Amino acid sequence: MDLSLRFMELLSCVGMKYIFFDLLMPNFFFLLCLFSCSSKKAKSHLYSFLPILKWLPRYPVKEYLLGDIISGISTGVMQLPQGLAYALLAAVPPVFGLYSSFYPVFLYTFFGTSKHISIGTFAVISMMVGGVAVRQVPDEVISVGYNSTNTTYASEYYSDRDFKRVQVAVTLALLSGIIQLCLGLLRFGFVAIYLTEPLVRGFTTAAAVHVFTSQLKYLLGVKTSRYSGPLSVVYSLVAVFSKITTTNVAALIVGLTCIVLLLIGKEINLRYKKKLPVPIPMEIIVVIIGTGVSAGMNLTESYGVDVVGNIPQGLRAPAVPEIQLIPAIFVDAIAIAIVGFSMAVSMAKIFALKHGYTIDGNQELIALGICNSVGSFFQSFSVTCSMSRSLVQESTGGKTQIAGALSSIMVLLVIVAIGYLFEPLPQTVLAAIVMVNLKGMFKQFGDIAHFWKTSKIELAIWVVAFVASLFLGLDYGLLTAVTFAMITVIYRTQSPQYRILGQIPDTDIYCDVEEYEEVKECPGIKIFQANASLYFANSESYTSALKKKTGVDPCAILAARRKAQKKHAREIKKANELKKKAVLKLSNDVEGSVKHEIANDELPVNGKSLDELEHFVEPKTNIHSLILDFTPVNFVDSVGAKTLKSIIKEYKEVSVHVCIASCSGPVMNELTRLNFFDNTVTRELLFHSIHDAVLACQVKDRSASQTASDL
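Residues numbered from 1 in each chain as written. Predicted model: local features only at pLDDT ≥ 70, side-chain atom pairs only at ≥ 80, totals over all residues. Heavy atoms only, no water.

1. Structural notes on the nonpolar core
Which entries qualify depends on this criterion: Residues belong to a common nonpolar core when they are buried Ala, Val, Leu, Ile, Met, Phe, Trp, Tyr or Cys residues joined through side-chain atoms within 4.5 Å. Each residue is assigned to one of three classes by its accessible area relative to the maximum for its type, calculated with a 1.4 Å probe on protein chains only: buried under 20%, partly exposed between the two thresholds, exposed over 50%. For helices the rule is a DSSP run of H or I covering at least 4 residues; for strands it is a run of E covering at least 2, with both sets numbered from the N terminus onward. Only heavy atoms enter the contact rule, under which two residues are in contact if any of them lie within 4.5 Å.
Val92, Ile117, Val124, Met128, Val129, Leu199 and Leu430 are the most contacted members of the largest nonpolar core, which totals 115 residues. At 14 residues, the largest contribution of residues to this core is made by helix H17 (residues 326-355). Leaving out residues up to four positions away in the same chain, Val124 has contacts with Phe203, Thr204, Ala207, Met343, Met441 and Leu474. In this structure, Ile660, Cys663, Val681 and Leu686 belong to the second largest nonpolar core, which totals 34 residues.

Here it is as structure tokens:
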């Protein structure tokens, strides 16, 4: 009876309405599909939503189990110290890092599609969470009127400030999880493509600088406030160096010793990874040594070294996050949701490609959404894939999600049984773990030289992402970087490369005439190509480049023709006037026969005889055909269609026939929808390939020449 009463009390504490709206409603469409389709299709959707139902019954125990156990243990011993350390980044007590290393990791086993990534705490996401928590609950805040059923728990174990920051962090996890879940259900997994590799690498490098700066005070043992928002890195450095004289020497020695040990361990693991059966778990070794030294020498009392402190034993009852915080953290939740998914899916794709299986990006969104939203009810903050742990999980023989589940069970054992043993652990040891794990991210500074050689635009994206994220903060920096990346896309399509193509002799292959010496232009034919679509932003530059590259400007030719016609008319008029004057002048002095002879003589005008003036030749080009290669064109808008139609009509006026080659079906449908084809512009100008268009133009020119010779 007592158990049932406690269960009902728990339900009332959590709030059934929140469980319904936050957990069940996002799956409404999935459940609706199950009940409205055939059993076979319903089974397919169920397997898609719960991938474990598909792979677990086929799990080859003899082949995979040993590898998964070794991998799970290896990953678990990394998960424990990183969970404690990254909780400091998230501005919450270390035990909440353990919660975040258990609930989401265990849930991912059921919903995730990647067999090798390790879900849990990650430096970049933890730093973003910590920035929001510090902004909402600064160090100066003593009490804020948050309504909560856990105030007794807070006063017993943590300060009021820490408890309020925990509320911000778990609410952020709930909201970011719901966003990921909704994006996954709506099949919006493609949003990650807007976070290009240079952008992500520049962003994570800046995040590494943020993380490193935030850990300096723990390494040095100085007391400073934590800053968030624009210029937070500058403020943090100024605060640390202003109190550098108060450095705790004992904390610094312990921290530097741990850093040296961790670097040596990582170097040994890297150099002898083929000989070692499993990597040396230096992080957990350092944690154990640091805890033992701290407890044995009583570093807290004797030297004033800050330690982890109280770690409550056992799991906490589920609780509803502070819903009233959502409006203040909504934008941050979007950024965390997208960055977290981008990290996870990029790592998952690498392992999937390496091991020959596929992942579902939309299901990964759903899995992360469930991990974050459900985990938030159990006081875990936002999580994603950890690169270092994923590499360990894969390299130690992990075959399936079972390895991740075993690593979470190891964390659970620490939470419920031996967590209190780590209470004397110095915070400087955790700072050392965090700093050493940033080594890979700091190596990304080498991207500058790489992108300088390969792509200046990608270098610009990297630099903007790094500088903006470093000085504006991770949230505004990410927004700035994404905006700049979009601008570069517009720039590339607005200013594409234009080229004239020629034929490789005796083939139907056409290449850039400026790039290959063997390529020859077809006589009387110009083949023009732009490596972008034709739309409002580049239609004007397309026309200008076409005239410049081909050397045929219809407007200039028509203007020259009109000028020549006017000059010819003036010369004819002047010749006739001179002729009349000569006849009148001689009519009184010369006899009729002489007058008749003079009247019929040719009088020169500007060095030209009358016969020459009568046979006027209009200016014209030696090009009879123009082929527009539409192979790179993906779409055409209304402005592009009008521009294309104008080009065809202008060149027709100077006797140049325009053809379009390699036009794709979707582009042709767009042209049809835009009423591009009519009586003057017909589908006869479309050709399947450049070679077909060249042959048609040559045939047309020969027939035109034959007709002219017959006349």
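2. Some points on the environment of Glu521
Defined as follows: What qualifies as a polar contact is a pair of N or O atoms within 3.5 Å, subject to a donor-acceptor requirement within protein and to the restriction that residues adjacent in sequence count only when both atoms come from side chains.
Relative to the elements of secondary structure, Glu521 occurs in the loop between strand E4 (510-512) and strand E5 (525-530). Overall, the relative accessible area of 34% leaves Glu521 in the partly exposed class. In this structure, the C-alpha to C-alpha distance between Glu521 and Gly502, residues 19 residues apart in sequence, is 4.3 Å. Contact partners of Glu521, with chain neighbours within four places excluded, come to Ile500, Leu501, Gly502, Val513 and Lys526. Among the polar contacts made by the side chain of Glu521, one reaches the side chain of Lys526 at a distance of 3.0 Å.

3. Examining the packing of aromatic side chains
Short version of the rule: Stacked, tilted and edge-to-face pairs are distinguished by plane angle, under 30 degrees for stacked and over 60 for edge-to-face with tilted covering the rest, among Phe, Tyr and Trp rings (Trp via its six-membered ring) whose centres lie within 6.5 Å.
Enumeration according to the criterion identifies 19 aromatic pairs in this entry. Ring geometry for Phe96 against Tyr99: centres 5.5 Å apart, planes inclined by 85°, an arrangement best described as edge-to-face. Of this pair, Phe96 and Tyr99 both sit in helix H7 (residues 95-100), three residues apart, which is roughly one turn of the helix. You can call Phe96 buried: its relative accessible area is 2%.

4. Describing the sheet that holds strand E6 (residues 625-629)
Test applied: At least two DSSP bridges between two strands are needed for those strands to be called paired.
An order of E4-E3-E5-E6-E7-E8 is seen for the six strands of this open sheet, with the pairing classed as mixed. Pairing within the sheet leaves two strands with one partner each, and these edge strands are E4 and strand E8 (686-687). By the bridge criterion, five bridges tie E5 to E6 in an arrangement that is parallel. The residue of E6 that forms the bridge with Ile525 is Ser625.

5. Focus on a nonpolar patch on the surface
To be explicit about the condition: Grouping into patches uses exposed residues only, defined as over 30% relative accessible area, and leaves out salt-bridged ones; the cut-off is 9 Å for like charges and 5 Å for nonpolar side chains (Val, Leu, Ile, Met, Phe, Trp, Tyr). In short, Shrake-Rupley with a 1.4 Å probe defines the accessible areas, and a residue's cover is counted only from the protein chains shown. In the sections that follow, a salt bridge refers to a side-chain nitrogen of Lys or Arg positioned within 4 Å of a carboxyl oxygen of Asp or Glu.
A cluster of nonpolar residues, Tyr227, Leu231, Val234, Tyr235, Val238, Val463, Val467 and Phe471, forms a patch on the protein surface that exposes about 630 Å² of accessible area. Those elements that provide at least two residues to the nonpolar patch are helix H13 (232-242) and helix H24 (456-472). Within the secondary structure layout, Val467 lies in helix H24.

6. Examining the confidence of the model for the chain
Note that predicted coordinates carrying low pLDDT should not be read in detail. For clarity, the cut-off: A score from 0 to 100, pLDDT tells how confident the predictor is in each residue.
Confidence along the chain averages 82 in pLDDT terms, with 84% of residues attaining 70 or more. Within the model, pLDDT remains below 50 along residues 1-35, and this stretch shows 34 contacts once partners closer than five positions in the same chain are excluded. In this model, residues 594-603 is a region of pLDDT below 50 whose contacts with residues beyond four sequence positions or in other chains number 12 contacts.

7. With respect to the packing of helix H14 (residues 249-271) against helix H15 (residues 282-297)
When two helices pack together, their arrangement is given by the angle between their axes and by how far apart the axes lie. Filter applied, for reference: Axis lines are fitted through C-alpha atoms, for helices just across the contact stretch, and the angle between N-to-C directions can take any value from 0 to 180 degrees. Note on terminology: angles under 35 degrees are roughly parallel, angles over 145 are roughly antiparallel, angles of 65 to 115 are roughly perpendicular, and the others are oblique. Whether a crossing is left-handed or right-handed is set by the direction in which the near helix is turned from the far one by less than a right angle, anticlockwise for left-handed and clockwise for right-handed. All residues other than Ala, Val, Leu, Ile, Met, Phe, Trp, Tyr, Cys, Pro, Asp, Glu, Lys and Arg, Gly among them, are scored as polar; the first ten of these are nonpolar and the last four charged.
It is at 9 Å that the axes of H14 and H15 come closest, and there the two elements cross at 155°. By the criterion of interaxial angle, the relationship of H14 to H15 is roughly antiparallel. Where H14 crosses over H15, the handedness of that crossing is right-handed. The residues of H15 that touch H14, namely those facing Cys258, Leu261, Leu262, Gly265 and Lys266, are Met282, Glu283 and Val286. In terms of residue class, the contact of H14 with H15 is made up of five nonpolar, one polar and two charged.

8. A short note on the pairing of strand E7 (residues 657-661)
Convention followed: Whether a crossover is right-handed comes down to one check: with the strands pointing away from the viewer, does the path from the first strand over the helix to the second run clockwise; if it does, it is right-handed.
Across the five residues that make up E7, a large majority, four, are buried. Pairing of E6 with E7, which is carried by five bridges, proceeds in the parallel orientation. Each residue of the ladder has a partner; that of Ser625, found in E7, is His657. After leaving E6, the chain enters helix H30 (residues 638-653) and then returns to the sheet as E7, a path that is right-handed. Bridging between E7 and E8 involves two bridges; their strand directions are parallel. Bridging across to E8, Ala661 finds its partner in Phe687. In terms of handedness, the path from E7 via helix H31 (residues 665-673) over to E8 forms a crossover that is right-handed.

9. Describing the environment of Val392
Turning to its location among the elements, Val392 is positioned in helix H19 (residues 387-395). Assessed through its relative accessible area of 13%, Val392 is described here as buried. The spacing of Val392 and Ser71 is 321 residues in sequence and 7.4 Å in space, taken between C-alpha atoms. Ignoring sequence-local partners within four residues, the contact set of Val392 consists of Ser74, Thr75, Met78 and Pro279.

10. Description of empty space enclosed by the protein
Applied cut-off: With a 1 Å grid spanning the protein atoms alone, the term cavity applies to any set of points in which a 1.4 Å probe fits but cannot get out, the term pocket to an open set with protein on both sides within 12 Å along at least five of seven lines, and the term lining residue to any residue with an atom within 4 Å of a point. Grid points are joined across faces, edges and corners, and a volume is the space filled by probe spheres set on the points.
Overall, the coordinates contain five cavities of 30 Å³ or more when judged by the stated rule. Estimates place the volume of the largest cavity at around 130 Å³. Lining of the largest cavity is provided by 13 residues; of these, Thr213, Ser214, Arg226, Tyr227 and Ser236 occupy positions nearest its centre. Only helix H12 (197-220) and H13 provide two or more residues apiece to the lining of the largest cavity. Partitioning the lining of the largest cavity into residue classes produces four nonpolar, seven polar and two charged. Size it by volume and the second largest cavity reaches roughly 70 Å³. Along the walls of the second largest cavity sit 14 residues, with Tyr108, Ile117, Gln393, Gln401 and Gly404 positioned nearest its centre. Residue classes in the lining of the second largest cavity are distributed as five nonpolar, eight polar and one charged.

11. Observations regarding the state of the cysteines
Here is the rule: A pair of cysteine sulfur atoms is labelled a disulfide when the two atoms are within 2.5 Å.
The final tally for this structure, using the stated rule, is zero disulfides. The thiol of Cys659 is not disulfide-bonded; the next cysteine sulfur, from Cys697, is found 3.6 Å away. Note on Cys659: relative accessible area 1%, which makes it buried.

12. What to know about the side chain of Asn269
Structurally, Asn269 can be placed in helix H14. A distance of 2.8 Å separates a polar side-chain atom of Asn269 from the backbone nitrogen of Ile280. Not counting residues within four places of it along the chain, the set of residues in contact with Asn269 comprises Leu276, Pro279 and Ile280.

13. Some thoughts on helix H25 (residues 474-494)
Note the cut-off: Residue count minus one, scaled by 1.5 Å, sets the expected span of a helix. In this context, the arc is that of the directions from the helix axis out to the C-beta atoms.
Its 21 residues give H25 an end-to-end C-alpha distance of 30 Å, which sits within 8% of 30 Å, the value for a rise of 1.5 Å per residue. Every buried residue belonging to H25 is among Leu474, Gly477, Leu478, Ala481, Ala485 and Thr488, and all of these are buried. Projected down its long axis, H25 carries its buried residues within an arc of 100°, all on one side. Summarising the contacts, the buried residues of H25 are in contact with helix H9 (123-136), H12, H17 and H24.

14. Let's talk about the pattern of salt bridges
One pass over the full model with this rule turns up 14 salt bridges. A salt bridge links Asp160 to Lys164, with the shortest nitrogen-to-oxygen separation between them at 2.3 Å. In this pair, Asp160 and Lys164 both sit in helix H11 (residues 160-185), four residues apart, roughly one turn of the helix. On the accessibility criterion, Asp160 (31% relative accessible area) is partly exposed. Judged by relative accessible area, which is 6%, Lys164 ranks as buried. The shortest N-O distance in the salt bridge between Asp162 and Arg161 comes to 3.0 Å. Several salt bridges converge on common partners, so that one network encompasses Arg135, Asp332 and Asp475.

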